[in-house]
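Overview (structure and organization)
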Amino acid sequence: MKPGQQTLLSNPRYELGKSVSGDGAHFTLSGDLDAEGAARVLEAMEGESLRAGITSLDLEELELLDGAAVARMVDFIRLLLSRSDRVRVLKSPQSLAHTIYRVGMLEGDARLELVDPRQEEGTTN
């Protein structure tokens, strides 16, 4: 968790933090997230009161473990979009960035921005 952030959800495998500044809200989600964990993260966010100009979501330290977790994260971003003027997703795992693109969330909506999506590191046999 970054300095100045409040912890919204903490689990031995993942953590969701939030900080607010004059220009918006910043969320950090880190750890290893499976379908059950992603559902809990989404549930925690549904209970958060948020109305922000710009919301950023830092996913640099997040690993999505299955397809259901990716789908819940798409729902998480849709929730942020419903409560913010703009959403910036930072360092998204490649699977999430690809899904956001594939479902058309970037088409014609300048309100959502993917910043430096991560590339999966290949392994050699």
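Cut-offs and rules
Residues numbered from 1 in each chain as written. Predicted model: local features only at pLDDT ≥ 70, side-chain atom pairs only at ≥ 80, totals over all residues. Heavy atoms only, no water. Helix = DSSP H or I, 4+ residues; strand = E, 2+ residues; numbered from the N terminus. Core = buried A, V, L, I, M, F, W, Y, C linked by side-chain atoms within 4.5 Å. Buried < 20%, exposed > 50% of the residue type's maximum accessible area, 1.4 Å probe, protein only. Contact = heavy atoms within 4.5 Å. Salt bridge = Lys/Arg side-chain N within 4 Å of Asp/Glu carboxyl O.

**A look at unusual backbone geometry**
One non-glycine residue, lysine 91, lies in positive phi territory at about 55°. As for its position among the elements, lysine 91 is in the loop between strand 6 (84–90) and helix 3 (94–102). Despite not being glycine, aspartate 116 has its phi angle at roughly 50°, a positive value. Within the secondary structure, aspartate 116 sits in the segment after strand 7 (112–115).

**Description of the nonpolar core**
In this structure, Leu33, Met73, Phe76, Ile77 and Leu96 are the most contacted members of the largest nonpolar core, which totals 32 residues. Mapped onto this core, the elements with two or more residues apiece are strand 2 (14–21), strand 3 (24–33), helix 1 (35–46), strand 4 (52–58), strand 5 (62–64), helix 2 (67–83), strand 6 and helix 3. Broken down by element, this core gets its largest block of residues, 9 residues, from helix 2. Setting aside residues no more than four positions away along its own chain, phenylalanine 76 makes contact with Leu16, Val41, Leu42, Met45 and Leu57.

**Some details on the pattern of salt bridges**
Applying the stated criterion across every chain yields a total of 8 salt bridges. Close ionic contact of arginine 72 with aspartate 75 constitutes a salt bridge, the shortest N to O distance being 2.2 Å. Remark: aspartate 75 and arginine 72 occur in helix 2; sequence separation between them is 3 residues, near one turn of the helix. With relative accessibility at 21%, the residue aspartate 75 sits in the partly exposed group. When the shortest N-O distance is used, the salt bridge between arginine 86 and glutamate 113 registers 2.6 Å. In this pair, arginine 86 is assigned in strand 6 and glutamate 113 in strand 7, connecting sequence segments 27 residues apart.

Read these as geometric descriptors, not functional statements.
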